[in-house]
Amino acid sequence: MRKIFIGNDHAGPEYVDAIIEYLQSKQYEVEHVGSVGGTSVDYPDFGEKCGKAVAESNAQNENSAFGIVICGTGLGIGIAANKVKGIRCAHCVSPYYAEMGRSHNDANMISLGARVIDLENAKTIIDTFLETEFEGGRHERRVKKLDVI
Ligand code: RB5
């Protein structure tokens, strides 16, 4: 089973705790590399930190890790994560985004907005992200092109 790194800024600390508990209840190994306690921080720091944790884990052991990053909208922290080499972070607002992000884009991270995606929807998005396989085929060529940009 893949290890899951969680990164977040100050938006929704209880939301983040609930997601960590949810993943642990499903026996996933979770490492929290985000902020704690809701003190104001800068989302780029935590998008970068989580992205690097996922990329480094995958460099040592291919496809060993996924990441989930959370800020108010999921936008800023996802943009930051996508600047890390080897990261493909899909901003998700519904399970369909997570399904397509995995099956077509081979996303290894997703970003969620604690202020806009309710917790039940977030859990379904996360389940879809974790359970959907990359389709490969024609998508492999496209994903390889992403890696060289
Ligand atoms: C912080 O207030 C907010 O800007 C941040 O959580 C996120 O939504 C940025 O994209």
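Here, every reference points to the structure presented above.
Numbering of residues starts from 1 in every chain and runs along the sequence as written. For a predicted model such as this one, the threshold for reporting local features is a pLDDT of at least 70, and the threshold for listing and counting side-chain atom pairs is 80 or more; totals across whole chains, interfaces and linings nevertheless cover every residue. Note that water and hydrogens are dropped before the side-chain values are worked out from all heavy atoms of the structure.

## Describing the site of the ligand
A single heavy atom is enough: if one lies within 4 Å of a molecule or strand, its residue is considered near that molecule or strand. Close to the ligand lie Asp9, His10, Tyr43, Cys71, Gly72, Thr73, Gly76 and Arg115. Polar contact is the term for a pair of N or O atoms within 3.5 Å; when the atoms are in protein, one must be able to donate a hydrogen and the other to accept it, and sequence-neighboring residues count only if both atoms are side-chain atoms. Contact between the ligand and Thr73: an oxygen atom at 3.0 Å from a main-chain N or O atom of the residue. Between an oxygen atom of the ligand and a main-chain N or O atom of Gly76, the distance comes to 2.9 Å. Per-residue and other accessible areas were derived by the Shrake-Rupley procedure at a 1.4 Å probe size, with only the shown protein chains allowed to occlude residues. Contact with the protein chains covers 72% of the free accessible surface of the ligand, which is 290 Å².

## A word on the state of the cysteines
Any cysteine sulfur atom paired with another within 2.5 Å is treated as part of a disulfide. Following the criterion strictly, the structure yields zero disulfides and no others. Here Cys92 stays unpaired: no disulfide links it, and the sulfur of Cys89, its closest cysteine neighbor, is 7.9 Å away.

## Some thoughts on a positive patch on the surface
The patches reported here contain residues having more than 30% relative accessible area and no salt bridge. Joining distances are 9 Å for like charges and 5 Å for nonpolar side chains (Val, Leu, Ile, Met, Phe, Trp, Tyr). Think of a salt bridge as a Lys or Arg side-chain nitrogen and an Asp or Glu carboxyl oxygen that are within 4 Å of each other. A residue counts as positive if it is Lys or Arg and as negative if it is Asp or Glu; His and the chain ends are not included. Where a charge sits is defined by one atom per residue type, namely NZ (Lys), CZ (Arg), CG (Asp) or CD (Glu). Among the surface-exposed residues, Arg138, Arg141, Arg142 and Lys145 lie close enough to one another that they form a single positively charged patch. In this structure, Arg138 sits in helix H6 (residues 138-147). A relative accessible area of 47% places Arg138 in the partly exposed class. A run of H or I in DSSP becomes a helix once it reaches four residues, and a run of E becomes a strand once it reaches two; helices and strands are each numbered from the N terminus. Buried residues are those whose accessible area, probed at 1.4 Å on protein chains only, stays under 20% of the maximum for their type, while exposed residues exceed 50% and partly exposed ones sit between those limits.

## Focus on the side chain of Asn58
Its place among the elements puts Asn58 in helix H2 (residues 43-60). Contact criterion: two residues are considered in contact whenever any of their non-hydrogen atoms come within 4.5 Å of each other. Contacts of Asn58, omitting those with residues within four sequence positions, involve Asn63, Ser64, Ala65 and Asn108.

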